[in-house]
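# Remarks on the overall topology
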Amino acid sequence: MNEFHFENAFPLVPPVVHGRLEKALEEKNMNRQYAKRSSVVLAVVMALLLGVMGLAYAATQTGILNYLVGGEENASQALKDSVQTVAATASGDDIQIDLTGAIYDGDRLALSFTMENKQPENVALVTLDTVTLNGKWVPINFQSFQDQWLPDVFTVDVAPTIRNPLSGGMLSAALQEDYTGIVQGEATFVVSRPVKEMVVVDPWMWYDLETVIPDAEWRKDYEDRKRAIEQSGLKIADVFTMEVGYWLQEGYTPVDVSSLFLLDRAEYSDLAPFYAGPGYGERPAFSNVTNRAGQMQVTERITLSFTFDADAAKESRIEPVLEDIPLENGTVHFEKVVVTPLSTLIEIRIYPKDNTQEAKEALMECYDTAWLCNANGEPLDYLDMEGEGWRGYREETDGESYLVIETSWGGMKTMPDALGFSFPHAPETDDPDVQRMRQEFTEKVVIPLK
């Protein structure tokens, strides 16, 4: 009988490798910031175990700042001062989740957590599903626990990667409610597990990595992931059973090496009617959990309750009341101006002088690329934080059209005396009227902060 060498079961460099390597690069880039956030996990867990108030405060400070800006050393002093000491823990289905920090600034809420799988040989899918404040739903704009496998055996990161426990958090969109006093919050996580058992169906598990990834430094990160999957207890399809339909027929939940559900891939769409349950792939309103009927089932909902002081959170909030500013071709109205250590939220509306199509188009040509800066026209020194960014668009209300310039970003490292606008990304123009009106805009539209 001939001996079979698994390492030669596939071509040395299959045609799909180039595409997968590009995807791999994206995976590494997407996960680098997350890796920095995970570096504080041991400190957080130690603080919770010891139960010492001083250490618990340090862990809270580090946990939320690590999630938001990648570490305390990257935070402004004002952001550090905004951290509220909160603590909550809850568990279910062998998953323990700890709330480690909170920042509320009157407009947005940030929370940080650690979560641990107490039975790491049984991989689970965990998602931060909902957050409420005084019973009101909070829109989650960013979170690091969206469809998060625990242990995180599928991530490619700088080896050795921390895969269990994990740290991370969430940042809300702007809240509609104006909270005061002591606020009662709840954060609910949903744990899902395969209906039967999960199987990794991917030739990556059998590639000769030295051939596919010649660079040794880069290769070790992928070897680290491969070892994590092999040690996870997950079933791994061998070179003879790469047929996805076979595993689906046997009742398994097949995923690829990066944790993508294979039933989601276009090439297997013909199998979905037979193996996907009702509503598969949908996400209900006010929920972050994707329906995986027929493949995954919810096994636990874990809710953590917490409180924070909304009034204390607003002490560093800057919210000036500003008068409308007349321009040559319109009027600037300040719809929202909020600057905090956590948020920079600016919305101005520019109404045309005349409600004509020509006047509306002139506004767009002049101002639609107005960019928030300091009063000297220099870029703002933002913290390296997740944020929506900038938008310039035309809106219409009750037949009245206006231009909206909106900035929604994180806090600033250093607070300028005033904010202004410039046009660094505007198309070059020789039109003297446009040049003159932009100059007028930069000179007049100033937001004092001090």
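Cut-offs used in this document
- Residues numbered from 1 in each chain as written.
- Predicted model: local features only at pLDDT ≥ 70, side-chain atom pairs only at ≥ 80, totals over all residues.
- Heavy atoms only, no water.
- Helix = DSSP H or I, 4+ residues; strand = E, 2+ residues; numbered from the N terminus.
- Buried < 20%, exposed > 50% of the residue type's maximum accessible area, 1.4 Å probe, protein only.
- Contact = heavy atoms within 4.5 Å.
- Areas by Shrake-Rupley, 256 points an atom, 1.4 Å probe, with all protein chains shown as cover.
- Pairing = 2+ DSSP bridges.
- Salt bridge = Lys/Arg side-chain N within 4 Å of Asp/Glu carboxyl O.
- Phe/Tyr/Trp six-rings, centres within 6.5 Å; stacked < 30°, edge-to-face > 60°.
- Expected span 1.5 Å × (residues − 1).
- Arc of directions from axis to C-beta.
- Polar contact = N/O pair within 3.5 Å; in protein donor to acceptor, adjacent residues only side chain to side chain.

This part is about the overall build of the protein. Within the protein, the secondary structure is distributed over 11 helices and 21 strands. Counting every position in the protein, which comprises 450 residues, the buried fraction comes to 52%. Across the protein, contacts joining residues at least 24 apart in sequence account for 72% of those joining residues at least 6 apart. Surface exposure of the protein reaches about 21300 Å², of which carbon and sulfur atoms provide 50%.

The strand order 11-10-12 describes an open sheet built from three strands, whose pairing is parallel. On the outer flanks of this sheet lie strand 11 (235–236) and strand 12 (253–255), each paired with one strand and no other. The sheet contact formed by strand 10 (residues 198–200) and strand 12 spans three bridges and is parallel. By the bridge assignment for strand 12, V199 is matched with P254.

So, about the side chain of R349. Positionally, R349 belongs in strand 16 (residues 343–352). A relative accessible area of 19% means that R349 is categorised as buried. Every residue in contact with R349, bar those within four places of it in the chain, is listed here: T331, V332, H333, E335, Y402, L403 and V404.

Okay, the pattern of salt bridges next. Summed over all chains, the structure comprises 20 salt bridges. Residue E217 pairs with K220 through a salt bridge whose shortest N-O separation is 2.9 Å. With E217 and K220 both in helix 6 (residues 216–231) and three residues apart, the pair spans about one turn of that helix. Given the relative accessible area of 52%, E217 is considered exposed. Of the charged contacts in the structure, one is a salt bridge between R349 and E347, with a shortest N-O distance of 3.2 Å. In this pair, the class of R349 matches that of E347, namely buried. By sharing partners, the salt bridges in this structure join D107, R317, E319 and K336 into a single network.

Here we come to the sheet that holds strand 17 (residues 371–374). With antiparallel pairing, the three strands of this open sheet are ordered in space as 17-20-21. Sheet topology places strand 17 and strand 21 (447–448) at the edges, where each strand pairs with a single neighbour. The sheet contact formed by strand 17 and strand 20 (residues 418–422) spans four bridges and is antiparallel. Along strand 20, the bridge assignment pairs C373 with G420.

Turning our attention to unusual backbone geometry. Across the junction of L150 and P151, the peptide omega takes the value -5°, indicating a cis bond. Secondary-structure assignment places P151 in the loop between strand 7 (148–150) and strand 8 (166–172). N164 connects to P165 through a cis peptide bond whose omega is 0°. As for its placement among the helices and strands, P165 is situated in the loop between strand 7 and strand 8. Residue F286 is not a glycine yet carries a positive backbone phi of 65°. Positionally, F286 belongs in the loop between helix 8 (272–275) and strand 13 (296–309).

Our next topic: the packing of aromatic side chains. Aromatic ring pairs: the centre-centre distance and the angle between the two ring planes describe each pair. Across all of its chains, the model carries 19 aromatic pairs by this definition. Between F113 and F189, the aromatic rings sit 5.0 Å apart at their centres with planes inclined by 80°, giving edge-to-face as the arrangement. One end of the pair, F113, is in strand 3 (residues 109–117); the other, F189, is in strand 9 (residues 182–194), with 76 residues separating them in the sequence. As far as the burial class goes, F113 and F189 line up, both buried.

The next point concerns helix 11 (residues 432–444). Compared with the 18 Å implied by 1.5 Å per residue over 13 residues, the 18 Å span of helix 11 between its first and last C-alpha is a close match. The complete set of buried residues in helix 11 reads V434, M437, R438, E440 and F441. Burial along helix 11 is one-sided: seen end-on, the buried residues are contained in an arc of 160°. Away from the buried face of helix 11 by more than 90 degrees, exposed residues P432 and E443 are located. Those residues of helix 11 hidden inside the fold are in contact with strand 14 (325–327), strand 15 (330–339), strand 16, helix 10 (357–367) and strand 20. The backbone nitrogen of D433 lies 2.8 Å from a side-chain oxygen of the residue at the head of helix 11, namely D431.

In an α-helix, one full turn covers 3.6 residues, which means residues spaced three or four apart are oriented alike. Between its terminal C-alpha atoms helix 6 stretches 22 Å, which fits the 22 Å expected from 16 residues at 1.5 Å a residue. Restricting attention to buried positions, one finds in helix 6 the residues W218, R219, D221, Y222, D224, R225, A228 and I229. For helix 6, the side-chain oxygen to backbone nitrogen distance between the N-cap and E217 is 3.2 Å, and the N-cap itself is D215.

Right, let's get into the side chain of D129. The residue D129 is located in strand 4 (residues 124–133) in this model. For D129, a relative accessible area of 4% corresponds to the buried category. One polar contact links D129 to R301, side chain to side chain, over a distance of 3.2 Å. Excluding its chain neighbours within four sequence positions, the residues that come into contact with D129 are I140, T188, F189, V190, S287, N288, V289 and R301.

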